Amino acid sequence: MALLPLMLLTACAGVLTSEQPARQNYLLRPYEATAAPGDGAARPALLLQLDVVPGLDTDRILALDADARLNHYANARWPDHLPEVLASVLRRSLESSGRFGSVEVAATGAPDAWTLELELREFYGIHGADGMTSAVRAGLAGHLACGGETHALSVAESAPVTEERLATVVAAHQAALDGVTRQLLERIQALCAAVENSRT
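Residues numbered from 1 in each chain as written. Predicted model: local features only at pLDDT ≥ 70, side-chain atom pairs only at ≥ 80, totals over all residues. Heavy atoms only, no water.

Chemist: For this particular structure, what's the right way to read the overall build of the chain?
Modeler: Each helix and strand counted, the chain has four helices and eight strands in total. Helices and strands in the chain line up, N terminus first, as α-β-β-β-β-α-β-β-β-β-α-α. A buried classification covers 40% of the 200 residues belonging to the chain. Summarising the internal contacts of the chain: among those between residues at least 6 apart in sequence, 69% fall at separations of at least 24. When the accessible surface of the chain is totalled, it reaches about 11,000 Å², and 54% of it is carbon and sulfur. (Helix = DSSP H or I, 4+ residues; strand = E, 2+ residues; numbered from the N terminus. Buried < 20%, exposed > 50% of the residue type's maximum accessible area, 1.4 Å probe, protein only. Contact = heavy atoms within 4.5 Å. Areas by Shrake-Rupley, 256 points an atom, 1.4 Å probe, with all protein chains shown as cover.)

Chemist: What exactly am I supposed to notice about the side chain of His 173 here?
Modeler: Mapped onto the secondary structure, His 173 falls in helix α3 (residues 166-191). On the basis of relative accessible area, His 173 is assigned to the buried category, the value being 0%. Here Val 169 takes part through its backbone oxygen, which lies 2.9 Å from a polar atom of the side chain of His 173. (Polar contact = N/O pair within 3.5 Å; in protein donor to acceptor, adjacent residues only side chain to side chain.)

Chemist: Please explain the nonpolar core as it appears in this structure.
Modeler: Ranked by internal contacts, the top residues of the largest apolar core, which has 49 residues, are Trp 78, Leu 94, Leu 116, Leu 118, Leu 120 and Phe 123. Looking at this core, the elements with two or more residues in it are β2 (45-52), β3 (60-64), β4 (70-77), α2 (82-96), β6 (114-127), β7 (133-146), β8 (149-160) and α3. The leading source of residues in this core is α3, at nine residues. Those residues in contact with Leu 118 that sit more than four places away from it in its chain are Leu 48, Gln 49, Leu 50, Asp 51, Leu 90, Leu 140, Ala 141, Gly 142, Leu 153 and Leu 184. (Core = buried A, V, L, I, M, F, W, Y, C linked by side-chain atoms within 4.5 Å.)

Chemist: Is there a simple way to think about the pattern of salt bridges in this case?
Modeler: A side chain with one charge can pair with a side chain of the opposite charge if their charged atoms come near. A complete count under the given rule lists eight salt bridges for this structure. As a salt-bridge pair, Glu 186 and Arg 182 come within 3.9 Å of each other at their nearest N and O atoms. Note that Glu 186 and Arg 182 are positioned in helix α3 at a spacing of four residues, about one turn of the helix. (Salt bridge = Lys/Arg side-chain N within 4 Å of Asp/Glu carboxyl O.)

Chemist: Help me understand unusual backbone geometry, please; the structure alone is not making it clear to me.
Modeler: We note that Ala 68 has phi near 65 degrees; this positive angle belongs to a residue other than glycine. Tracing the backbone through its elements, the reader meets Ala 68 in the loop between β3 and β4. At Asn 75, a position not held by glycine, the phi torsion is positive, near 60 degrees.

Chemist: It is not clear to me how the state of the cysteines should be interpreted in this structure. Could you clarify?
Modeler: Cysteine pairs can be linked by a disulfide, which is a covalent bond between their two sulfur atoms. Applying the stated rule across the entire model yields one disulfide. Residue pairing for Cys 146: its cysteine sulfur links by disulfide to Cys 192, the two sulfurs lying 2.0 Å apart. Here Cys 146 and Cys 192 share a disulfide; its torsion about the S-S bond, -95 degrees, makes the bridge left-handed. A residue pair is termed long-range when its members are at least 10 positions apart, and Cys 146 in strand β7 and Cys 192 in the loop between α3 and α4 (193-199) qualify at 46 residues. With relative accessibility at 3%, the residue Cys 146 sits in the buried group. (Disulfide = S-S within 2.5 Å.)

Chemist: Help me out: how do you make sense of α2 in this one?
Modeler: Think of an α-helix as 3.6 residues a turn; residues three or four steps apart then line up on the same face. Taking 1.5 Å as the rise per residue, α2 with 15 residues should run 21 Å; its terminal C-alpha atoms sit 21 Å apart, in good agreement. Three or more residues of α2 are buried, namely Leu 82, Pro 83, Val 85, Leu 86, Ala 87, Val 89, Leu 90, Ser 93 and Leu 94. In this structure, the buried residues of α2 make contact with β2, β5 (102-105), β6, β7 and α3. In the stretch just after α2, Gly 98 is the one whose phi turns positive, near 80 degrees. (Expected span 1.5 Å × (residues − 1).)

This is how it looks when you write it as structure tokens:
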């Protein structure tokens with residue numbers, strides 16, 4: 001009986017400790033574009049909508065293997081599910097570009113607001129047959145409405161992964177996201193140039 005408290009304490013200690021590595025949350029940062037010059041009052045409001053293809057609506061950091069299976073990196077997560085994370089990052093990236101009077105994640109807004117509807121189609125590491133990550137792919141497609149016209153757009157970027165470390169894989173996700181955001185801003189400028197010029 002004298003040994004019973006010691007046995008119970010030992011059993012509880014085994015439950016409260018774990019040999020598993022701690023879960024790690026990784027943050028994605030907005031793209032730092034050069035702010036566009038011009039009169040801020042003449043800049044349009046932008047409404048952003050973001051969906052993701054099935055399989056990507058998760059907070060796990062994903063990888064696509066050679067057999068088209070989605071896997072995840074152990075104990076590595078985004079701070080929230082991917083649609084919420086990327087909607088926030090893209091909104092702040094577009095806002096900081098200086099091209100818009102305001103950027104909101106919303107379905108409706110001012111009658112003359114531009115609308116950017118996007119679907120995230122790729123955002124994962126690429127695993128080879130050896131299980132190693134060779135690159136990270138990011139891809140967005142959708143429609144942009146400005147000046148009474150609607151335009152289809154699609155942007156994609158691949159960033160290499162030089163070593164199989166979580167920090168390196170996450171850095172490649174950031175680089176791929178920066179690439180598609182830069183392309184997105186360029187496409188908006190090209191497709192809506194006439195509308196922008198008429199405002200100035």
